[in-house]
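Here is what each chain is made of, one letter per residue.
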Amino acid sequence: MLVLALCCTTKSIAQSIRLDYQDELLNEILLDLNDRFDVQVSINSKLSNACSITINQSFQTIDLALDALAAKCRLEVVRIGDVYSFRVFEEAEPKPIEYLFQGRAVEQGSDEPLPFAVLYTSERSLVTDENGRFSFKSLASEENIKLRSLGYYEADTLLSHGEVLQISLLPRVTALDEIVVTGDRGSAPVTNIGEKSGYIQLNDVGNNLVAGLSNNLIFNNLRQYPGITAAGESIADFVIWGSYAGQNHVIYDGVSLFNSWGINDDMGRVNPYMIKHVEVYKGGYNVPYGDRVGGVVMIDGKSGNTNQLELGGSLTNQLVNAYVNVPLFKGSSSFQVAGRKTLTQELALASDNFDEDTSLIVPRYSYSDLHFKFSSSLSPSDQLEISSVISTDSYKGTLRTRSTRLQLFQDIKVKSEQIGGSLKYLKNWPKGGLSSVVLSTSRYTPKLGTNYFINRNVLAPVVDLRADNWSNPIVENRGRITHTFAAAKAHQLQVNLEHVDNEASFKTNEGDSLFAASVEQLIRVSLYAHDQIQLGQGFTLQLGLKAELPSQGNNVYWQPRVNGQFDLSEKWNAHFGWGHYNQFISRNSVIDELGNRADVWQVSNGNTIPILESVHNVLGLGFRDKGFEVSLEGFVKTTSGFTRYFFDRRGTVVIGEGESKAKGIDLFVRKHINDHVIWLSYSLSKVEERFGNGGRVSQYRPAPQNQRHELKATAIFDLSPFELSVTNVYGSGFSDNTFVRNMEDFKPYWRTDLAFQYRYQLANTNVEAGISFLNLFNSRNIRLNQSVSVPDGNVINTVGVPFTPTVFLNFDIK
């Protein structure tokens, strides 16, 4: 390195700088400038002696003069203090052109979007969103892609870049004239389990054959899988990995359902005709899913057929169901309507053997619902959906006990309404990226009336001992904006901003009640960022961070989450999930002096009512090969912040803040044999809880929903055109009384369901006729958390689903 530094400072140069050189080496020119203007220069001698310059020009400053000399030699000048340093000019490489591939995956024929389909490109894999949309960039103008979705044949095609692409997949079950093409699916549910933390995916659930499918399609399907408790037949909520009532988030088309099925526990809130796709996250999920500390059940409704009129109907001895799809506006839109109504109790064929059992409450019920949905393509890049659900049900149970000195009569009447609606606008941006705006509202209103009558002398008049009447509406209004950036290189980034308004109230006829005429409201703002990172072809990492700011208090609730998926080989995969979760509404329990329980919705404000907090840890392993699959998954979960209110015999209220810990293992094994399928589900789990009050904390003890073992077996036989489904569930049981527990007094659960169906086609009408049997052997099962303690010290339970045959006839006209 030759450094020209004859002076310590650069003189101020007032006159113009004249450069007049003919074929002079740069080295000589710089020496001359140093003599004339005391300029300090640093340059490699090889560079300065390798460039000859001819120049005749004047400059206002020495900086401009040196820049001109450097340009002659394809060099650049950088000033560092008083020294001008010459170095080789590095030309910026031209930015490579990235081509946009953006569009949606749809079902061939109906153009129904295919949510959560897997798209494989030359560089990465990505998943379509809940509306079947995808967006990614590539250095190639054409991409050889593969698209896979449960229940559909794989597409392998060459895709040219564009912003309004559409990829169609053919269903594996397709009616062609009078021939049913089934591929390798048969009549088994189309499910994906074990590939992600706590994950179950069901496509095309309307075609699954399970007992009682016409009524509660979601629960009747999900109860067959590990981690979702079937025993206990909880009417309060799904019990997912030991969750409590109100801790699972059930969402239909963006609408939160506060009670996922009707009070009677045999009727789902969502009409089967409206369901297209179901995703379940039992735990360990990332920030885009749910808003609770338990599991998530996401139900996507059909968009509707914009090409042709469709009619559907179902008639059973329990209810009638009807569906209409009307195409509108020259094939750009569709309008769907569906409704159900239970028939009179006299037409039901359920066993009445338990009616005379004075240790059981036998419920009677009625149910009705109505669904609307409008879908429209405003342009190739803009879609609009408006969806609504309205359902009402009522439940009545009567109990009479009689002894020589005591006669007790209890009358329970429960009603509920679930009303909700959503508006969704979807936008695909020309330069890449997918946005959605969703506005939703939901209102759930349960009403309870209980009358206790007691007579200590059977010859005396009946005395009114107690009458309770209360209602507990809860309302949720949401508005959210979500944007997913076009996947590029190894990243797919999504951001979300949400505004949530919850309100819960409680009204009762008891003026001195703990919750008399209470109204609670909380507004919060939620923001999350989620990045899915592809680290090679075999490892995907998901990083998420969610922040929630309630209107009350100054705390920000940070919720970091991490997920990973490893493809260990073509057949083996592993996954893990970890995360923090918060919940700002609670379904807390009130226990009266006799030990009877009522669940009350409250808004958690972090002051008088704690905000729920949970930590999930999930680790899983999966194997899949030629019709055989195994999934093994373990979880550890801790939850705190739920409240239980205890009343003693003097009417004193004791408020306990609870915490729980749950752990368990889920095993799932499935084998396809030709068109038949058999699977086993086993769950080993333990749920414990404890409560504290005034600095005193109790010891951990089994929670009400604690059940150590649950084993399920399902077999589906496709004997086209006949189909047969058999499901058996065994549970080791719960304590007879969930609050005054004798831990040796468990009531094991045993139930066998069977369904038989015949499919045929008449012209353009597909017909299904058959019969299903719930609780085939009329086992005496009890419902979880539905026991009643009476003044004489006895415990009365509510009976589970009895032997219930259902004759059904379904038809679809297209």
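Residues numbered from 1 in each chain as written. Predicted model: local features only at pLDDT ≥ 70, side-chain atom pairs only at ≥ 80, totals over all residues. Heavy atoms only, no water.

1. Description of the state of the cysteines
Tallying each qualifying case throughout the model produces one disulfide. Each sulfur in the disulfide pair cysteine 51 and cysteine 73 lies 1.9 Å from the other. The disulfide joining cysteine 51 to cysteine 73 has a torsion of about -90 degrees about its S-S bond and is therefore left-handed. A residue pair is termed long-range when its members are at least 10 positions apart, and cysteine 51 in the loop between α2 (45-48) and β4 (52-59) and cysteine 73 in the loop between α3 (62-72) and β5 (75-80) qualify at 22 residues. For cysteine 73, a relative accessible area of 13% corresponds to the buried category. (Disulfide = S-S within 2.5 Å. Helix = DSSP H or I, 4+ residues; strand = E, 2+ residues; numbered from the N terminus. Buried < 20%, exposed > 50% of the residue type's maximum accessible area, 1.4 Å probe, protein only.)

2. Observations regarding the pattern of salt bridges
Per the stated rule, a full pass over the model turns up 32 salt bridges. A salt bridge links arginine 524 to aspartate 291; the nearest nitrogen and oxygen atoms lie 2.6 Å apart. In this pair, arginine 524 is assigned in strand β32 (residues 518-534) and aspartate 291 in the loop between β20 (275-281) and β21 (296-301), connecting sequence segments 233 residues apart. Using a relative accessible area of 4% as the deciding quantity, one classes aspartate 291 as buried. For the salt bridge of lysine 712 with glutamate 710, the shortest nitrogen-to-oxygen distance reads 3.1 Å. Connected through salt bridges with shared partners, the residues Asp291, Glu476, Arg478, Glu498, Arg524, Lys546 and Glu548 form a single ionic network. (Salt bridge = Lys/Arg side-chain N within 4 Å of Asp/Glu carboxyl O.)

3. Section: the sheet that holds strand β12 (residues 155-160)
Strand order across the open sheet formed by four strands is β9-β8-β11-β12, with antiparallel pairing between neighbours. Both edges of this open sheet fall to β9 (125-127) and β12, since each of them pairs with a single strand only. Between one strand axis and the next, the sheet turns through 30 degrees on average, direction left out of account. Alignment of strand β8 (residues 118-120) against β9, held across three bridges, turns out to be antiparallel. Along β9, the bridge assignment pairs tyrosine 120 with serine 125. (Pairing = 2+ DSSP bridges. Axes fitted to C-alpha atoms, helices over the stretch in contact; angles between N-to-C directions.)

4. With respect to the pairing of strand β33 (residues 539-550)
Relative to β33, β32 runs antiparallel, the two being bridged by eleven bridges. From the neighbouring strand, valine 525 faces β33, where its bridge partner is leucine 549. Summarising the sheet, β33 and strand β34 (residues 557-567) pair through ten bridges and their orientation is antiparallel. Considered in β34, the bridge of lysine 546 is made with glutamine 559. The turn linking β33 back onto β34 is made up of six residues, and glycine 553 within it adopts a positive phi angle of 90 degrees.

5. Focus on the confidence of the model for the chain
Scored by pLDDT, the chain has a mean of 83; 82% of the residues are at 70 or more. Across the chain, strand β30 (residues 474-484) holds the top mean pLDDT of 97, while strand β15 (residues 179-181) sits lowest at 33. Low pLDDT, under 50, characterises residues 1-14; the predicted model gives this stretch 30 contacts beyond four residues in sequence or across chains. Across residues 174-187, where pLDDT falls below 50, the model places 39 contacts with residues more than four positions away in sequence or in other chains. (pLDDT = per-residue confidence, 0-100. Contact = heavy atoms within 4.5 Å.)

6. So, α3
Residues that lie three or four places apart on an α-helix share one face, since the helix turns once every 3.6 residues. Turning to α3, its buried residues are Ile62, Ala65, Leu66, Ala68, Leu69 and Ala70. Next to the buried residues of α3 lie β2 (17-25), α1 (26-37), β4, β5 and β6 (83-88). Residue arginine 74 follows α3 closely and has a positive phi angle near 55 degrees.

7. Thoughts on the packing of aromatic side chains
Enumeration according to the criterion identifies 26 aromatic pairs in this entry. Consider the rings of phenylalanine 566 and phenylalanine 576, whose centres lie 6.0 Å apart with planes at 40 degrees: the pair is tilted. Note that phenylalanine 566 is positioned in strand β34 and phenylalanine 576 in strand β35 (residues 572-583), a separation of ten residues in sequence. A relative accessible area of 30% places phenylalanine 566 in the partly exposed class. With a relative accessible area of 24%, phenylalanine 576 lands in the partly exposed category. (Phe/Tyr/Trp six-rings, centres within 6.5 Å; stacked < 30°, edge-to-face > 60°.)

8. Quick look at the sheet that holds strand β7 (residues 99-107)
With respect to topology, three strands assemble into an open sheet ordered β10-β7-β13, the strand pairing being mixed. Strand pairing shows two members of the sheet lacking a second neighbour, β10 (133-138) and β13 (162-169), which therefore form its edges. The mean inter-strand angle of the sheet, taken between neighbouring strand axes irrespective of direction, is 30 degrees. Sheet analysis places β7 next to β13, joined by six bridges and oriented parallel. Following the sheet pairing, phenylalanine 101 is matched in β13 by glycine 162.

9. Let's talk about unusual backbone geometry
Each neighbour pair has its own omega, and for serine 720 with proline 721 the value is 10 degrees, a cis peptide bond. With respect to the helices and strands, proline 721 occurs in the loop between β44 (709-719) and β45 (722-735). One non-glycine residue with positive phi stands out, namely aspartate 111, at about 60 degrees. Here aspartate 111 lies in the loop between β7 and β8. We classify aspartate 111 as partly exposed; its relative accessible area is 26%. One non-glycine residue, lysine 626, lies in the positive phi region at around 45 degrees. Looking at where lysine 626 falls in the secondary structure, it is placed in the loop between β38 (612-625) and β39 (628-647).

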